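Architecture at a glance
The residues making up each chain are set out below.
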Amino acid sequence: QVQLVESGGGLVQAGASLRLSCTASGRTFSSYAMGWFRQAPGKEREFVAAISWAGGRTYYRDSVKGRFTISRDNANNAVYLQMNSLKPEDTALYYCAAKSNLASREINDYRYWGQGTQVTVSS
């Protein structure tokens, strides 16, 4: 069982940066691949980034490549999403999620989810 809690969201202007954090309970955090997803009002939840259990592999949706960076700290049961050069279209509720085995871009592959943290980017 893994419980996830996101933090770090907020209201920023276009071009600004935010760093989202996700802390996990449980002693087996390092065995889980982690992902960040987002959901804008009226839209489906979508993949943003994922990282393998050891942090050696990362994956991004095309629209955030070069702007967002996912990382993890297994010693502190945390995963991060550094978001730079934010755009209004990045506005959404951001979720972190955990799954066993390999990282994935597929929402349905993730078993554990946090409650989300809101990111709002004004133009």
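Look above for the structure.
Read on for a plain summary of the structure. (Residues numbered from 1 in each chain as written. Predicted model: local features only at pLDDT ≥ 70, side-chain atom pairs only at ≥ 80, totals over all residues. Heavy atoms only, no water.)

**Digging into the state of the cysteines**
In the structure shown here, the tally under the stated rule is one disulfide. The disulfide bridge from Cys22 ends at Cys96, spanning 1.9 Å between sulfur atoms. Where Cys22 bonds to Cys96 through sulfur, the torsion about that S-S bond is close to 45°, and the disulfide is right-handed. With a gap of 74 residues between them, Cys22 in strand E3 (residues 18–24) and Cys96 in strand E9 (residues 92–100) connect regions that are remote in the sequence. (Disulfide = S-S within 2.5 Å. Helix = DSSP H or I, 4+ residues; strand = E, 2+ residues; numbered from the N terminus.)

**Here's the deal with the nonpolar core**
Core analysis: the biggest nonpolar cluster contains 30 residues, and Leu4, Met34, Trp36, Leu81, Met83 and Tyr94 have the highest contact counts within it. Secondary-structure elements contributing two or more residues to this core are E3, strand E4 (32–39), strand E5 (46–51), strand E7 (68–73), strand E8 (78–83), E9 and strand E11 (117–122). Beyond its immediate sequence surroundings of up to four residues, Leu4 is in contact with Cys22, Thr23, Ala24, Met34, Cys96, Ala97, Ala98, Tyr112, Trp113, Gly114 and Gln115. Counting residues in each nonpolar core, the second largest holds five residues, with Phe37, Phe47, Ala50 and Ala97 among its members. (Core = buried A, V, L, I, M, F, W, Y, C linked by side-chain atoms within 4.5 Å. Buried < 20%, exposed > 50% of the residue type's maximum accessible area, 1.4 Å probe, protein only. Contact = heavy atoms within 4.5 Å.)

**Side note on the packing of aromatic side chains**
Taken as a whole and assessed by the stated rule, the structure comprises six aromatic pairs. Between Phe37 and Phe47 the ring centres are 5.8 Å apart and the planes differ by 70°, which places this aromatic pair in the edge-to-face class. Of this pair, Phe37 sits in strand E4 while Phe47 sits in strand E5; the two residues are ten residues apart in sequence, bridging distant segments of the chain. Comparing Phe37 with Phe47, the two get one shared label, buried. Seen from their ring centres, Tyr110 and Trp113 are 6.3 Å apart, and the 65° between their planes marks the pair as edge-to-face. One aromatic cluster is present, built from ring pairs that chain together Phe37, Phe47, Tyr95, Tyr110 and Trp113. (Phe/Tyr/Trp six-rings, centres within 6.5 Å; stacked < 30°, edge-to-face > 60°.)

**Structural notes on the pairing of E9**
Among the nine residues of E9, seven are classified as buried, and the element is accordingly described as predominantly covered. Examined bridge by bridge, E4 and E9 share eight bridges and lie antiparallel to one another. Residue pairing across strands places Gln39 opposite Leu93, the latter belonging to E9. With three bridges joining them, E9 and E11 adopt antiparallel strand pairing. Following the sheet pairing, Ala92 is matched in E11 by Val119. (Pairing = 2+ DSSP bridges.)

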